[in-house]
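# Per-entry structural report
Below, each chain spelled out in residue letters.
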Amino acid sequence: MTFQPGSDLSEEEIRERVDDLIESNEVVLFMKGNRLMPQCGYSARAVELLGKHREEFETVDVLPALDAYRAALNEHSGWETIPQAYVKGEFVGGSDILSELDERGELGETVSA
C-alpha cells in the first residue's frame, strides 16, 4: 500500500466509517500508519501495548484523511490527538492512558474478550 495524501472519502463518509468501526470491532485503534508500520512513536507504543494483551484488534490508518478523522473521533472522545483506542464501543484513551493502565495491571482486563 502506498501513502497517498488525501482521501476519496468525504468527511461524512469518514464519520460513518468511524462510527461503524467503533461499533463493529471489539477493539479498534485509530493510529498514524498501520500495525506493521506505525508512523509515529505514540502509535507504535499503542500497538505494542495492545499486542501484549490481545492478539486480534483492528487498526485504522488515519493519515490519508487526518483532519476528517480527527473531527470524527473528537465527536466520540472529546480528544483530537491520535492514536485513540476503543474497546467494545467505548473510548479508552491514547498511548499515555494505555501505558497507565498497563502499569497498574489493568490493561489486560480492559481489552480482554
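Residues numbered from 1 in each chain as written. Predicted model: local features only at pLDDT ≥ 70, side-chain atom pairs only at ≥ 80, totals over all residues. Heavy atoms only, no water.

### Examining the packing of helix α2 (residues 41-53) against helix α4 (residues 95-103)
Just so we agree on the cut-off: To define axes, lines are fitted to C-alpha atoms, for helices over the stretch in contact only, and angles between the resulting N-to-C directions are given on a 0 to 180 degree scale. Numbered from the N terminus, helices here are DSSP runs of H or I no shorter than four residues, and strands are runs of E no shorter than two. Handedness of each helix crossing follows the sense of rotation of the near helix against the far helix: counterclockwise by less than a right angle gives left-handed, clockwise gives right-handed. Whether two residues touch is decided by their heavy atoms; if any such pair falls within 4.5 Å, the residues are in contact. Residue polarity is assigned by list, with Asp, Glu, Lys and Arg as charged and Ala, Val, Leu, Ile, Met, Phe, Trp, Tyr, Cys and Pro as nonpolar; anything else, Gly included, falls into the polar class.
Between α2 and α4, whose axes approach to 9 Å, the crossing angle comes to 35°. In terms of crossing hand, the pair formed by α2 and α4 is left-handed. Here Tyr42, Arg45, Ala46, Leu49, Leu50, Lys52 and His53 of α2 come into contact with α4, specifically with Ser95, Leu98, Ser99 and Asp102. Split into classes, the residues belonging to the contact of α2 with α4 amount to five nonpolar, three polar and three charged.

### Concerning the pairing of strand β1 (residues 27-31)
Heads up, the condition is: Relative accessible area decides the class of each residue, using a 1.4 Å probe on protein chains only: under 20% of the type maximum gives buried, over 50% gives exposed, and in between gives partly exposed. Being paired, for any two strands, means DSSP has found at least two bridges between them. The handedness of a crossover follows from its direction of travel: if, with the strands pointing away from the viewer, the path from the first strand over the helix to the second runs clockwise, the crossover is right-handed.
Counting buried residues in β1 gives five out of five residues, a clear majority hidden from the surface. Residues Val27, Leu29 and Met31 point to one face of β1 and Val28 and Phe30 to the other, with burial holding for every one of them. The sheet contact formed by β1 and strand β3 (residues 84-87) spans four bridges and is antiparallel. Bridged to Phe30 within β3 is Gln84. Where β1 and strand β2 (residues 58-61) come together, four bridges link them in parallel fashion. Residue Leu29 lies in a different strand from β2, and its bridge partner there is Thr59. Since β1 and β2 lie parallel, the crossover through α2 that links them has a hand, and here it is right-handed.

### So, helix α3 (residues 66-77)
The following threshold applies: A helix is expected to span 1.5 Å multiplied by its residue count minus one. Directions are taken from the helix axis to each C-beta atom, and the arc is the one they span.
Across its 12 residues, α3 extends 16 Å between first and last C-alpha, which sits within 8% of the 16 Å expected from 1.5 Å per residue. Every buried residue belonging to α3 is among Ala68, Tyr69, Ala72, Leu73 and Ser77, and all of these are buried. Take α3 and look down its axis: the buried residues cluster within an arc of 150°, on one side only. Turned more than 90 degrees away from the buried face of α3, the exposed residues are Asp67 and Glu75. Where α3 is buried, its residues touch α1 (11-24), β1, β2, β3 and β4 (90-93). Just downstream of α3 lies Gly78, where phi reads positive at about 80°.

Honestly, it's all geometry; don't read function into it.
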